[in-house]
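Commentary on secondary and tertiary structure
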Amino acid sequence: MKTTNLAITAAVTGLIALGGATLGAAPAHAADKEKCYGVSKAGQNDCATKTSSCAGTAKEDNQKDAFVVVPKGLCDKLVGGSTESA
């Protein structure tokens, strides 16, 4: 019984350590992304809008205050895309 507890403890500790290691990499990835307003489909926005507080609540396609996160530089290439909220 002690062997099982030790194995579980080791596994959980390893997962926690792995999770902490990946958190340090997140800001580097975030720097390569940008918010792109006016291109999301209804219900597919990534975060809150001026009129709602949750992701996935855009009422219409291409809503000007709803955004999706895209790789940096892509938004300018999308029709109707803007890095500024309207």
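As recorded by an unreviewed UniProt entry, the chain carries the name DUF2282 domain-containing protein and is attributed to Vibrio chaetopteri.

As for the overall build of the chain
Helix and strand content of the chain: two helices and two strands. Secondary structure of the chain in N-to-C order comes out as α-α-β-β. Buried positions account for 20% of the 86 residues belonging to the chain. Sequence-distant contacts, at least 24 apart, represent 52% of the contacts inside the chain between residues at least 6 apart. Of the roughly 6000 Å² of accessible surface on the chain, 64% is carried by carbon and sulfur atoms.

Thoughts on the state of the cysteines
Tallied over the entire structure, the rule returns one disulfide. A sulfur-sulfur separation of 2.1 Å characterises the disulfide bridge that pairs Cys36 with Cys75. Negative torsions about the S-S bond denote left-handed disulfides, and the value of about 75° found for Cys36 with Cys75 makes this one right-handed. You can see Cys36 sitting in strand β1 (residues 33-37) and its partner Cys75 sitting in the segment after β2 (67-71), a full 39 residues away along the chain. By relative accessible area, which is 0% here, Cys36 ends up buried. Overall, the relative accessible area of 0% leaves Cys75 in the buried class.

Let's talk about the environment of Lys35
With respect to the element layout, Lys35 can be found in strand β1. By relative accessible area, which is 43% here, Lys35 ends up partly exposed. Each C-alpha atom, one on Lys35 and one on Cys47, is 9.8 Å from the other, the two residues being twelve residues apart in sequence. Beyond its immediate sequence surroundings of up to four residues, Lys35 is in contact with Phe67, Val68, Cys75, Ser82 and Thr83.

Focus: the side chain of Asn45
Residue placement: Asn45 occurs in the loop between β1 and β2. If sequence neighbours within four positions are ignored, Asn45 has contacts with Ser40, Cys54, Ala55, Gly56, Thr57, Ala58, Ala66, Phe67 and Val68.

Rules used throughout
- Residues numbered from 1 in each chain as written.
- Predicted model: local features only at pLDDT ≥ 70, side-chain atom pairs only at ≥ 80, totals over all residues.
- Heavy atoms only, no water.
- Helix = DSSP H or I, 4+ residues; strand = E, 2+ residues; numbered from the N terminus.
- Buried < 20%, exposed > 50% of the residue type's maximum accessible area, 1.4 Å probe, protein only.
- Contact = heavy atoms within 4.5 Å.
- Areas by Shrake-Rupley, 256 points an atom, 1.4 Å probe, with all protein chains shown as cover.
- Disulfide = S-S within 2.5 Å.

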